[in-house]
Amino acid sequence: MSIELVDRELCNGCGICVTACPLDVIRLDTLAADKGEYPSCRRACPAGVDMRSYLYLLRDGMIEEAMEVLRDALPLPAITGRVCPHPCESECSRNEVDEAVNINALERFVADRWLDEKAEPVPQVYAAKVAVVGSGPAGLACAYFLSRMGYPVTVFEARPVLGGMLRLGIPEYRLPRTVLDTQLGYIGRMGVEFKSGIAVGRDVTLEAVQKEYAAVFYAVGNQSSRRLEIDGVGLGGVSWGLDFLAGVNLKRVTGVKGRVVVIGGGNVAVDVALTALRLGAESVEMVCLESVGTMPAFKEEIDQAVEEGVRIYDGWGPKRILGAGGEAAGVELVRCTCVYDGRGRFRPTYDERLTKTIGADAVILAVGQTVDPASIPEKLKTTAGGTIQVDPVTLETTCPGVFAGGDVVSGPASVVEAVAAGRRASTSIDRCLKKQDLKGGRRLLPKRVKRPPKEGVESVARNAAPVLAAGQRAGNFKEVKLGFDEDTADLEVQRCMTCGSRAVISYVDDCMLCLYCEQDCPQTAIYVSPEKKVLPLMPWR
Amino acid sequence: MSGWDTERHIVTDVLVIGGGMAGLFAAIKARERGLDVTLTDKAYVGKAGSTHYAEGDVLFFRESRGHKLAEWLDIISKRCEYLNNREWDEVCLMEAEDRYNDLVSWGVQFYEKNGELYGWDTSAVGAPPSAYQDITMRARKYAPTLRRVALERGVRVLDNIMMVELLKQSGAVVGAVGFHVRGGRLFVIESKATVIATGAANFKSETYPTHFWTGDGEAMAYRAGAEITGKEFAGGVTYSRREIEQRQRAGRREEFSGEIIESSYSHPFALGGGFSGWYTRPTLNAEGGPVIMPAWEAHCGRAPLYFDTEEIPPKKWEWLREYFKRIEVAWAQADKIGLDVFRGGKIRWPSSRVAPGSLFAGTGIWPVDTHCATGLPGLYAAGNACATRGSGAMYAGMGFAMNHAMVTGARAGSAAGEYASRAAKVVADAAELQRAKSLVRAPLERTGGFGPAWVTQIVQSITVPYFYLGVKHGDRLRAAISIAEFVNRHLVPRLMAADPHEWRLAHETRNMALGAEMRLKASLFRTESRGDHFREDYPRREDPTWLVWVKLRDEEGGMKLYTEPVPEEWWPDLTKSYEEKYPAMLPMEERESSSGGADDVH
Ligand SMILES: Cc1cc2nc3c(=O)[nH]c(=O)nc-3n(C[C@H](O)[C@H](O)[C@H](O)COP(=O)(O)OP(=O)(O)OC[C@H]3O[C@@H](n4cnc5c(N)ncnc54)[C@H](O)[C@@H]3O)c2cc1C
Ligand SMILES: Cc1cc2nc3c(=O)[nH]c(=O)nc-3n(C[C@H](O)[C@H](O)[C@H](O)COP(=O)(O)OP(=O)(O)OC[C@H]3O[C@@H](n4cnc5c(N)ncnc54)[C@H](O)[C@@H]3O)c2cc1C
Ligand code: SF4
């Protein structure tokens, strides 16, 4: 009757027909499972979140169902919704039309509605217990997914507090601790057991853990700051990025005085700088080898630093820290001419003739993080860089039954990569405990959607998440990036082009033969027969 | 961070229900006052409503161009058979230019020829050039443009939200409750003022793509206590093509492409008027006789009907081709079945069109002033949902409907904004919220009852066949009314829905069933014929008895019908002959020939 065909091959999922039809004839199949393709966003996401589906559900006001889709891939969506570097957006096909969908803000929008929800304990269906070492995002993710499957899981954490870099690294103005606590609480209520203050290898041996637990996931992260061997690092007033941030986050450091110089151009350095500013530094200056345009820190972070008054000496390297009476008094800089060598390796070269000295009362070095060798048991083989050696597909270490992932394997990376590793490990552990093949059928990344929509898609400006006015940030740790309200979320979610979904004739009874869907379809994938067939007498129910 | 929002609660200054031309104008105008404005549509704003389906021609009136108000008003009165509200006609004409200027400033494009705006030749509706000009917006472009304007100005646009029930507190309307037609989320919108711009009321008959016309706004307003009028006029009654076709050619499809004019509308193809008025020879019936009203011809067994095009001058052909291209749906449908609409000097009409009476002004919610107030504090009506009676018993002329939607939309938006700016904030109390919400949810929560598809078929069976609301008769009307009452009393209260899709259908069915009862009862009530209301048992206009408007409203659950007189100064000169007062011929009349007075196709 009436509309007869939406060609599944031609259709590229733009959804224009869905808005063209004033009735409810066509809906989108956002799973399009038969196609075996991922839209660019999902492909770019280490955790493989199905953005297309949850954004479409959100568009239809089905926020609970959207949450369910997020929950299937993300244990900490309210956290990734705040701090994720969102590689999905860089790849978003909408970039070809105007600008990427603000996926990150929408993720947070959905996730924040989950925060108040009380988790139900997940019934345990397996007897075999799993130990997770480290309560950072990698460990939490592994625990979360295993717990959802029905395994009893215990997380060991060396520190007295949980969360890894989420608590010790990322500053509070980017990730409010109430959000972190709520997300941790949720995982706790699911039934995951946390044992904090217990370092595996120090307080209990890996062997002892292995006796009680059938499998172990090692996710101890990168707990050490990379050292820089220049003169003056031993002076008073000189500290290391991670130590400084951990000190602040654990409330051991509550104030900073005078002029602060931060060495480093990455995100951690920016976090250090802005934290120092909030703690009362008179001035904060950053020194980095790269030019502002090539600094490793994200552009929005750098912009924020500049906006808040941080001065950046770009293209300079620290030559030595000058002291007076055992205390830091300044930094001597030397011009950096080139950061990488011809093969793209980090090999800075300097022009020794060009130097400059800046005064400082405190110097904080934030030039990278490394694995703390003490956190790795001897029986786990490591790479030259000190990270744990694993099979890339299964994440199994050289020691059977012990898996590893997160920063301790990858080196400093991101929350979402740690989450992805935790999930990957959970699959391996499940198979391992069921004595199944660990590798079999673990597909490579699905292909990218071949012809994402473009034609016929109207340009609509991207909605940015609101931010706390710069003037209101001084001297406090209030969250800077704020969430979407419902109205903005409504607008932004409509920008998703649902690439690679398939239009499906869902309620043909509505069709009134207007042909608008067919006429508007940029792919000529729709055929509407102009001959409306007469309905038979309907059953009354 | 507040738990699950399974229900969305919005507090706004002005709520506009329906996002066609009227709703968009209302929303933008209210927003221009700096108010918080929420616009909802059960479809997608900018691609919905009659607005998006129209060819886009608009009435343009400017005294400086030599358009003469008094003269034109007299023509309208004659065409509308004296039931038009001349006060409103004047408002619509005088504000046409302002609304045109709004459109231009918002970026809406108009067709031009040799640097001049152009549109229909108004002489086709019997209007001399001194009456008005018809100009044309670029079809399928203007509504999306208006959506963009609304969004840019900060109107909260909510697509796919069907509003169902008005919230009332201390006699005032303070918002409405509805739901997302796909996701099923409940929407509670509290507003200081509400504008109903939900378009026309019809029965999803299969001739024409207007299935969103289910009279939701009218039904909401009626239930809240507003007055409804004009329901006896054809107003959107359609006769199914199937049915006329069957009568014409015993249903043989291959003959569909013959020279048949399949029309169901009482007047547009009527003798001497409208479309056929442009040709030297009128439309003919199977016996070679003139056609007064296609349905009547079918009724008398004189189908098929022919459109004799032999003498169409070449210039007219050119113009017609242009025109057909603009009626995209019919054109495209014909094209698809390989039907060349123009062949061998003949026109084949690919599908029959609706009687668009409720397209414009004649039927709907009764406004108590010229600012679209409904009589219920806080409630305004605009567009097709608002019965200004700018048209009376007939459609006044091309471009009027869109003009009416713009003018009433702008007026309702401004008046609602004005009201909202000074209204003390009244909010619905818990009991009222509960009442409205459970009413909206009811079909979903019922575990036994009737499906909307079945009930819709019953409603269609007493409205769509031409012999109920086209060629009317007291006996048939009474029979249909007893069914309509049965449906409303016994089936509607037990409509049930399994999912959001059926949920929407259930409420639409409920509204259509109410609309059917209104139309049938008003048709029985008016014991005369006038305009597109034709009674076999009362085939003549009766002056001055029926120089009145028929109104109806809900009174303790019953439908009360009563009349309101047309002011005497708007009456025809009663000393004139019947033929002089009423140049358009009705069936069963014995008359030589006639000219003017009828209508075009929209
Ligand atoms: C300052 C800073 C800011 C950052 N900002 C962002 C950001 O905005 N977005 C983003 O995506 N990523 C960010 N990152 C990176 C991100 O935090 C890490 O990639 C991520 O936390 C790695 O997770 P993980 O679980 O592998 O390790 P971690 O988070 O480091 O967690 C490891 C945990 O293991 C514990 N542990 C160590 N040894 C033992 C042991 N022997 N026994 C038991 N427990 C042990 C540690 O105490 C720690 O709690 C940031 C990092 C830092 C330092
Ligand atoms: C095919 C066609 C051609 C036409 N051509 C012309 C022409 O060329 N010139 C002219 O002057 N007039 C023309 N008309 C008439 C003119 O288009 C209409 O009179 C005018 O557009 C009406 O505007 P409106 O805003 O009142 O209603 P509509 O445009 O019908 O808008 C009503 C809106 O309300 C929505 N709605 C309904 N119920 C609810 C609910 N419960 N909750 C939320 N939303 C709801 C509907 O989805 C719809 O979008 C034509 C009409 C048609 C159908
Ligand atoms: S023809 Fe019209 S009513 Fe039918 S599915 Fe397409 S847009 Fe919807």
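As a reminder, the structure under discussion sits directly above these lines.
Owing to the predicted nature of the structure, the values given are computational and were not obtained by experimental measurement.

**Q** So what exactly am I meant to see when it comes to the overall build of chain B here?
**A** Helices and strands together make up the secondary structure of chain B, namely 18 helices and 19 strands. Buried positions account for 68% of the 602 residues belonging to chain B. Contacts spanning at least 24 positions in sequence make up 73% of the contacts within chain B whose residues lie at least 6 apart. Within the structure as shown, chain B displays about 19500 Å² of accessible surface, and the carbon and sulfur contribution to it stands at 48%.

**Q** For this particular structure, what's the right way to read the overall build of chain A?
**A** A tally of helices and strands in chain A yields 18 helices and 21 strands. For 541 residues, the compact-globule estimate of 2.2 N^0.38 gives 24 Å, and the C-alpha radius of gyration of chain A, at 26 Å, lies within 12% of that figure. Dimensions of chain A, computed from the C-alpha atoms along their principal axes, are close to 95 × 55 × 45 Å. Residues counted as buried form 56% of the 541 residues belonging to chain A. For chain A, restricting intrachain contacts to residue pairs at least 6 apart in sequence, the fraction spanning at least 24 positions comes to 72%. When the accessible surface of chain A is summed, it comes to about 22400 Å², and 53% of that surface belongs to carbon and sulfur atoms. One way to put it: in chain A the 64 positive side-chain charges average out to a point 5 Å from where the 70 negative ones average out.

**Q** Sorry, what's going on with the sheet that holds strand 18 (residues 402-404) of chain A here?
**A** Sheet strands pair via backbone hydrogen bonds, and the direction of the pair is either parallel or antiparallel. All names here are of chain A. The strand order 6-5-4-7-18 describes an open sheet built from five strands, whose pairing is parallel. What marks the edges here is a single partner per strand, and that holds for strand 6 (193-196) and strand 18. Averaged over all adjacent pairs, the angle separating strand axes in this sheet is 20°, with direction ignored. Where strand 5 (residues 153-157) meets strand 6, four bridges bridge the pair, whose relative direction is parallel. Across the sheet, phenylalanine 156 pairs through a bridge with lysine 195, a residue of strand 6. Sheet strands touched by helix 16 (residues 415-433): strand 4 (130-133), strand 7 (215-218) and strand 18. Its angle to strand 7, the strand with the most contacts, is close to 165°.

**Q** What is the right way to read unusual backbone geometry from this model?
**A** Most peptide bonds take the trans configuration, and most residues that are not glycine carry a negative phi. Residues and elements named next belong to chain B. For the bond from aspartate 543 to proline 544, the omega torsion is -5°, close enough to zero to count as cis. Summarising the element assignment, proline 544 is placed in the loop between strand 17 (534-535) and strand 18 (548-555). A positive phi angle, close to 70°, is found at methionine 588, a residue other than glycine. Checked against the element boundaries, methionine 588 lands in the segment after helix 18 (578-581).

**Q** Is there a simple way to explain the interface of chain B and chain A in this structure?
**A** How big an interface is tends to be stated in terms of the accessible area lost upon association of its parts. The interface of chain B with chain A comprises 52 residues on the first partner and 56 residues on the second. Between chain B and chain A, a total of about 4800 Å² is buried, with carbon and sulfur atoms accounting for 52% of that surface. Where chain B touches chain A, the interface holds ten salt bridges. The interface formed by chain B and chain A holds 17 residue pairs in polar contact (both at pLDDT 80 or more) in total. In terms of residue count, helix 11 (residues 328-336) of chain B provides more of the side of chain B that touches chain A than any other element does, five residues in total. Partitioned by chemical class, the residues of the side of chain B that touches chain A number 20 nonpolar, 13 polar and 19 charged.

**Q** Whenever I open this one, the environment of Pro22(A) confuses me. Can you help?
**A** When you line up the elements, Pro22(A) lands in the loop between helix 1 (16-20) and strand 2 (26-29). Between the C-alpha atoms of Pro22(A) and Lys35(A), which are 13 residues apart in sequence, the distance is 28 Å. Setting aside its immediate chain neighbours within four residues, Pro22(A) contacts Met512(A), Ala43(B), Lys47(B), Tyr53(B) and Phe212(B).

**Q** I keep staring at the pairing of strand 8 (residues 161-169) of chain B and nothing clicks. Help me out?
**A** Working note: regular strand, side chains alternate between the two faces of the sheet. All names here are of chain B. Most of strand 8 sits inside the fold, with eight of its nine residues counted as buried. Direction of pairing for strand 8 relative to strand 9 (residues 172-180): antiparallel, over a ladder of seven bridges. Bridged to leucine 166 within strand 9 is alanine 176. Between strand 8 and the antiparallel strand that follows it, strand 9, lie two residues; serine 170 among them carries a positive phi value of about 45°.

**Q** What should I look at first to understand the packing of helix 3 (residues 69-79) of chain B against helix 4 (residues 86-94) of chain B in this one?
**A** How two helices sit against one another is set out by the angle between their axes and by the gap between those axes. Residues and elements named next belong to chain B. Where helix 3 contacts helix 4, the axes come no closer than 11 Å and their chain directions differ by 130°. By the angle between their directions, the pair helix 3 and helix 4 is classed as oblique. You can see that helix 3 and helix 4 cross each other, and the crossing is right-handed. Across the interface between the two elements, Leu69, Trp72, Leu73, Asp74, Ile76 and Ser77 from helix 3 touch Arg86, Asp89, Glu90, Leu93 and Met94 from helix 4. In terms of residue class, the contact of helix 3 with helix 4 is built from six nonpolar, one polar and four charged.

**Q** Would you take a moment to explain the side chain of Gln183(A) for this structure?
**A** Tracing the backbone through its elements, the reader meets Gln183(A) in helix 10 (residues 177-190). Each residue touching Gln183(A), except ones within four places of it in the same chain, is listed here: Pro75(A), Leu76(A), Pro77(A), Ala78(A), Ile79(A), Trp114(A) and Leu115(A).

**Q** Which parts of the structure should I look at to understand the site of ligand 3?
**A** Surveying the vicinity of ligand 3 reveals the residues Ile3(A), Cys21(A), Val25(A), Cys511(A), Met512(A), Leu513(A), Cys514(A), Leu515(A), Cys517(A) and Val528(A). When the residues that make up the shell around ligand 3 are grouped by side-chain class, the tally is ten nonpolar, no polar and no charged.

**Q** Please explain the packing of aromatic side chains as it appears in this structure.
**A** To describe a pair of aromatic rings, one takes the distance between the centres and the angle between the planes. Overall, the coordinates contain 23 aromatic pairs over all chains when judged by the stated rule. Chaining the aromatic ring pairs together yields one cluster made of Tyr516(A), Tyr53(B) and Phe212(B). Here the guanidinium or amino end of Arg227(A) rests over the ring plane of Trp240(A), the centre of that ring lying 4.4 Å away.

**Q** I'm lost on the sheet that holds strand 9 (residues 238-240) of chain A in this one. Help?
**A** Residues and elements named next belong to chain A. The strand order across the open sheet formed by five strands is 9-16-10-11-12, and the pairing between neighbours is parallel. Edge strands, defined here as strands with exactly one partner in the open sheet, are strand 9 and strand 12 (311-314). Adjacent strand axes in the sheet meet at a mean angle of 20°, parallel and antiparallel pairs treated alike. Contacting strand 10 (259-263), strand 11 (283-288) and strand 16 (362-365), helix 13 (residues 267-278) crosses the sheet at an angle of about 170° to strand 11.

What counts and what doesn't
- Residues numbered from 1 in each chain as written.
- Chains lettered and ligands numbered in written order.
- Predicted model: local features only at pLDDT ≥ 70, side-chain atom pairs only at ≥ 80, totals over all residues.
- Heavy atoms only, no water.
- Helix = DSSP H or I, 4+ residues; strand = E, 2+ residues; numbered from the N terminus.
- Buried < 20%, exposed > 50% of the residue type's maximum accessible area, 1.4 Å probe, protein only.
- Contact = heavy atoms within 4.5 Å.
- Areas by Shrake-Rupley, 256 points an atom, 1.4 Å probe, with all protein chains shown as cover.
- Rg over C-alpha atoms; globule rule 2.2 N^0.38 Å.
- Lys, Arg positive; Asp, Glu negative; His and termini not counted.
- Charge placed at Lys NZ, Arg CZ, Asp CG, Glu CD.
- Pairing = 2+ DSSP bridges.
- Axes fitted to C-alpha atoms, helices over the stretch in contact; angles between N-to-C directions.
- Buried area = accessible area lost by both parts, 1.4 Å probe.
- Salt bridge = Lys/Arg side-chain N within 4 Å of Asp/Glu carboxyl O.
- Polar contact = N/O pair within 3.5 Å; in protein donor to acceptor, adjacent residues only side chain to side chain.
- Nonpolar A, V, L, I, M, F, W, Y, C, P; charged D, E, K, R; others polar.
- Parallel < 35°, antiparallel > 145°, perpendicular 65-115°, else oblique.
- Left-handed = near helix turned anticlockwise from the far one by under 90°.
- Near = heavy atom within 4 Å.
- Phe/Tyr/Trp six-rings, centres within 6.5 Å; stacked < 30°, edge-to-face > 60°.
- Lys NZ or Arg CZ within 6 Å of the ring centre and 35° of its normal.

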